[in-house]
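Spelled out, the chains give:
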Amino acid sequence: MASSLLVLLDDIATILDDVSVMTKVAAKKTAGVLGDDLALNAEQVSGVRAARELPVVWAVAKGSAVNKAILVPAALAISAFLPWAVTPLLMAGGLFLCYEGAEKLLHKFLHGRDGAAAHHAAHVRALAKSDAELLAQETGKIKGAIRTDFILSAEIIVISLGTVAGKPFAVQLGVLVGIAALMTVGVYGLVAGIVKLDDFGLYLSRSVTAVTRSIGNGILRAAPWLMKGLSVAGTAAMFLVGGGILTHGVHVVGDWVANAGVEAGEVPGIGVVLGALTPMLINAAVGIAAGAAVVGAVMLFQRLRGRKPAATEA
């Protein structure tokens, strides 16, 4: 009886160790989606009064938890009954990431400063609305953010599922639940900190000591750049992660990328750097090309239907 208990404990320890290792791997692979998730959710609270920022973030976080409570069992069911669908779903998620990145770049190039000015004007108008209008807008923002979170959460879960495909059910369950919890707490904890960063900087800027005031003013100046940095990093990560998923989904291409990295690593002097950069650059190029192709196809389809493409609308 004692030996059976020891065997059971050893099995549990082995499973937990596997879950820990695979969760780390899955977290690395989903880091790109995490960056985009942060930027998108931090942007969602723009136009919300300062006193309502944290309640809005909390409402979206609860919606995100519900999304993942739906997605995790669905992913496990797919893995158990339709394992062949994991790779196509993974590639579909990667292609969607590339499409999102290309659409964001297209919108940036088409609108540029005019788009930023229009966004600022909309933000000012939003803050001037009545309480009833702001409440209705807040409800709409929460619903929209939860819908966006569902798509990004699905990508995170599918990518995580791809890392544990073929593993025992207990490992798959532990990894998916762990990633779901980690991403929810991590993303919305960071979003809450980001949206309140300017308030913290303002508080410090009113301090009686010069050093604290200087820190506060520095935070106030850095906050907008942080948001821009998150947006840029999120867009780059879309192409890197999405392109990487697409290249790995096609084994011939995945092997070629890996071999290219190995060959680049053999270059004297700079081989270490080239070996690391080459696969990333190839994945990014594939991601940009795939995203541009999908955006072009969507725009063509919309034109054929007599609609103006969304990316070119003011």
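> Give me the packing of helix α7 (residues 197-205) against helix α8 (residues 210-249): which residues, what numbers.
Where α7 meets α8, the axes come as close as 7 Å, and the angle between the chain directions of the two elements is 160°. Comparing the axis directions of α7 and α8 gives the class roughly antiparallel. When the axes of α7 and α8 are compared, the crossing they make is left-handed. Contacts from Leu-197, Asp-198, Phe-200, Gly-201, Leu-202, Leu-204 and Ser-205 of α7 reach α8 at Thr-212, Arg-213, Ile-215, Gly-216, Asn-217, Ile-219, Leu-220, Ala-223 and Leu-226. For the contact of α7 with α8, the per-class residue count stands at nine nonpolar, five polar and two charged.

> I'd like to hear about α7, residue by residue, with values.
Where α7 is concerned, the buried positions are Gly-201, Leu-204 and Ser-205. Down the axis of α7, the buried set is contained in an arc of 100°. They therefore lie on one face. Each element contacted by the buried residues of α7 is listed here: α8.

> Describe the packing of helix α9 (residues 251-265) against helix α10 (residues 271-304), listing the residues and the values that go with them.
Across the interface, α9 lies against α10 with an axial gap of 7 Å and an inter-helix angle of 155°. As far as their axial angle goes, α10 and α9 are roughly antiparallel. Crossing handedness for the pair α9 and α10: right-handed. Contacts between α9 and α10 pair Trp-256, Val-257, Ala-260, Gly-261, Ala-264 and Gly-265 from the former with Gly-271, Val-272, Leu-274, Gly-275, Thr-278, Pro-279, Ile-282 and Asn-283 from the latter. By residue class, the composition of the contact of α9 with α10 is eight nonpolar, six polar and no charged.

> Pulling in residues and values, what's your account of a nonpolar patch on the surface?
There is a patch of nonpolar side chains on the surface, built from Leu-240, Val-272, Val-273, Leu-277, Met-280 and Leu-281 and spanning about 560 Å² of accessible area. Here the nonpolar patch gets five residues from one element, more than from any other, and that element is α10. Tracing the chain through its elements places Val-272 in helix α10. Take Val-272: its relative accessible area is 74%, and that puts it in the exposed class.

> Could you give me a rundown of the packing of aromatic side chains, with the residues and numbers involved?
Both the distance between ring centres and the angle between the ring planes are used here to describe each pair of aromatic rings. One pass over the structure, following the stated rule, counts one aromatic pair. Geometrically, the ring pair formed by Phe-96 and Tyr-99 is tilted, given 6.2 Å between the ring centres and 40° between the ring planes. Placement of the pair is Phe-96 and Tyr-99 together in helix α4 (residues 86-127), with a separation of three residues, close to one helical turn. Phe-96 sits in the partly exposed class, given a relative accessible area of 28%.

So, how was this worked out
- Along each chain, the written sequence defines residue order, and numbers are assigned to residues from 1.
- Owing to the predicted nature of the model, reporting of local features is limited to residues with pLDDT of at least 70; listing and counting of side-chain atom pairs is limited to 80 or more, with chain, interface and lining totals taken over all residues.
- The side-chain numbers reported here are obtained from all heavy atoms of the structure, hydrogens and water having been left aside.
- Between the N-to-C directions of two axes lies an angle of 0 to 180 degrees, each axis being a line fitted to C-alpha atoms and, for a helix, fitted only over the stretch in contact.
- Here a helix means four or more residues in a row that DSSP labels H or I, a strand means two or more in a row labelled E, and each is numbered from the N terminus.
- Reported orientations rely on four angle classes, namely roughly parallel under 35 degrees, roughly antiparallel over 145, roughly perpendicular from 65 to 115, and oblique for the rest.
- It is the rotation of the near helix from the far one that decides the hand of a crossing: anticlockwise by less than a right angle makes it left-handed, clockwise makes it right-handed.
- When checking whether two residues touch, look at their non-hydrogen atoms; a contact exists if any pair is within 4.5 Å.
- Three categories are distinguished: nonpolar for Ala, Val, Leu, Ile, Met, Phe, Trp, Tyr, Cys and Pro, charged for Asp, Glu, Lys and Arg, and polar for the others, with Gly belonging to the last.
- Only protein chains enter the area calculation, which uses a 1.4 Å probe; residues under 20% of their type maximum are buried, those over 50% are exposed, and those in between are partly exposed.
- This arc is taken over the directions from the axis of the helix to the C-beta atoms.
- Patches were defined on residues exceeding 30% relative accessible area and lacking a salt bridge, with like-charge contacts within 9 Å and nonpolar side-chain contacts (Val, Leu, Ile, Met, Phe, Trp, Tyr) within 5 Å.
- Computed with a 1.4 Å probe, the accessible areas rest on the Shrake-Rupley method; for each residue, only the protein chains presented here act as cover.
- The rule for a salt bridge is simple: a side-chain nitrogen of Lys or Arg has to be within 4 Å of a carboxyl oxygen of Asp or Glu.
- Centres within 6.5 Å are what make two rings of Phe, Tyr or Trp a pair, Trp counting through its six-membered ring; a difference in plane orientation under 30 degrees is then read as stacked, over 60 as edge-to-face, and the rest as tilted.

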